[in-house]
Amino acid sequence: NYTADEIEKILLMRIEESGANITHEEADEVKEIAKTIADEYRGDVRIALRATAHYLSGKDLEYAIIEAIKETVEHTLFSMDDFDLLTLYSVLKEENTADAYRFLRKFYDRSKPTFFSALRYLQAAGLITIVRSASKKESFKILPSPEIADISIVADALRARGIPVE
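Residues numbered from 1 in each chain as written. Predicted model: local features only at pLDDT ≥ 70, side-chain atom pairs only at ≥ 80, totals over all residues. Heavy atoms only, no water.

1. Focus: empty space enclosed by the protein
Summary: where empty space remains is shown by rolling a probe the size of a single water molecule over the atoms.
No. 1: For the coordinates displayed, the defined rule picks out 1 cavity of 30 Å³ or more.
No. 2: Its boundaries defined by the atoms lining it, the largest cavity holds a volume of some 70 Å³.
No. 3: Along the walls of the largest cavity sit Arg-42, Asp-44, Arg-46, Ile-47, Thr-72, Val-73, Thr-76, Ala-125, Gly-126, Leu-127, Ser-145 and Glu-147, which together make up its complete lining.
No. 4: Looking at which element gives the most residues to the lining of the largest cavity, the answer is helix α4 (residues 61-79), with 3 residues.
No. 5: Residue classes in the lining of the largest cavity are distributed as 4 nonpolar, 4 polar and 4 charged. (1 Å grid on protein atoms, 1.4 Å probe; cavity = no way out; pocket = protein on both sides within 12 Å on 5 of 7 lines; lining within 4 Å. Points joined across faces, edges and corners; volume = space filled by probe spheres on them. Helix = DSSP H or I, 4+ residues; strand = E, 2+ residues; numbered from the N terminus. Nonpolar A, V, L, I, M, F, W, Y, C, P; charged D, E, K, R; others polar.)

2. A closer look at the layout of surface pockets
No. 1: The space that makes up the largest pocket amounts to roughly 200 Å³.
No. 2: Forming the boundary of the largest pocket are Ile-69, Lys-70, Val-73, Glu-74, Leu-77, Phe-78, Glu-147, Ile-153, Ala-157, Ala-160 and Arg-161.
No. 3: Among the secondary structure elements, those contributing two or more residues to the lining of the largest pocket are α4 and α8 (151-160).
No. 4: No other element matches the 6 residues that α4 contributes to the lining of the largest pocket.

3. Digging into the nonpolar core
No. 1: Among the nonpolar cores identified, the biggest contains 46 residues, and Ile-33 and Leu-88 are the most heavily contacted of them.
No. 2: Only α1 (4-18), α2 (24-40), α3 (45-56), α4, α5 (82-93), α6 (97-105), α7 (112-124) and α8 provide two or more residues apiece to this core.
No. 3: Ignoring anything within four residues of it in the chain, the contact list for Ile-33 reads Leu-11, Ala-48, Ala-51, Thr-52, Tyr-55, Leu-61 and Ile-65. (Core = buried A, V, L, I, M, F, W, Y, C linked by side-chain atoms within 4.5 Å. Buried < 20%, exposed > 50% of the residue type's maximum accessible area, 1.4 Å probe, protein only. Contact = heavy atoms within 4.5 Å.)

4. Side note on the packing of α1 against α2
No. 1: In the contact formed by α1 and α2, the axes pass within 8 Å of each other and the chain directions differ by 135°. The angle between α1 and α2 places the two elements in the oblique class. When the axes of α1 and α2 are compared, the crossing they make is right-handed. Contact residues: α1 offers Ala-4, Ile-7, Glu-8, Leu-11, Leu-12 and Ile-15, while α2 offers Val-30, Lys-31, Ile-33, Ala-34, Lys-35, Ile-37 and Ala-38.
No. 2: Considering only residue class, the contact of α1 with α2 consists of 10 nonpolar, no polar and 3 charged. (Axes fitted to C-alpha atoms, helices over the stretch in contact; angles between N-to-C directions. Parallel < 35°, antiparallel > 145°, perpendicular 65-115°, else oblique. Left-handed = near helix turned anticlockwise from the far one by under 90°.)

See the structure below:
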């Protein structure tokens, strides 16, 4: 996770390395990309780099950021193995970890420790946040990152692999 200033420096360095010259207006927009990504997308520099490339190729700033988010999520999901992707789907689909684990067991006969290990991986990848629940019924609540809050993105990735999900 990077700060807005760190992201801006990285972006400007990459632009300079590419040999491109940018206007003051474009430099201001790069600063806006850095701020948006730092504030709203946990400082994910991958999104910032893609957004900057889209913007400098002539795309509208808002469109550039949306496309960058979509591409980054698609790349992340594509690189995951089936079990981790299905684990992600299960925690997005179900209300609590117990139901998510039961759903996952329809596809994979894995232990609870393996399930929770996958959750830790997903959290480290920035796809979910695990928080202790205030409810006595469940001990953990899973919050999706803003980029994958729409379960259909994950469902489409699973279907593309031939894994039938609702």
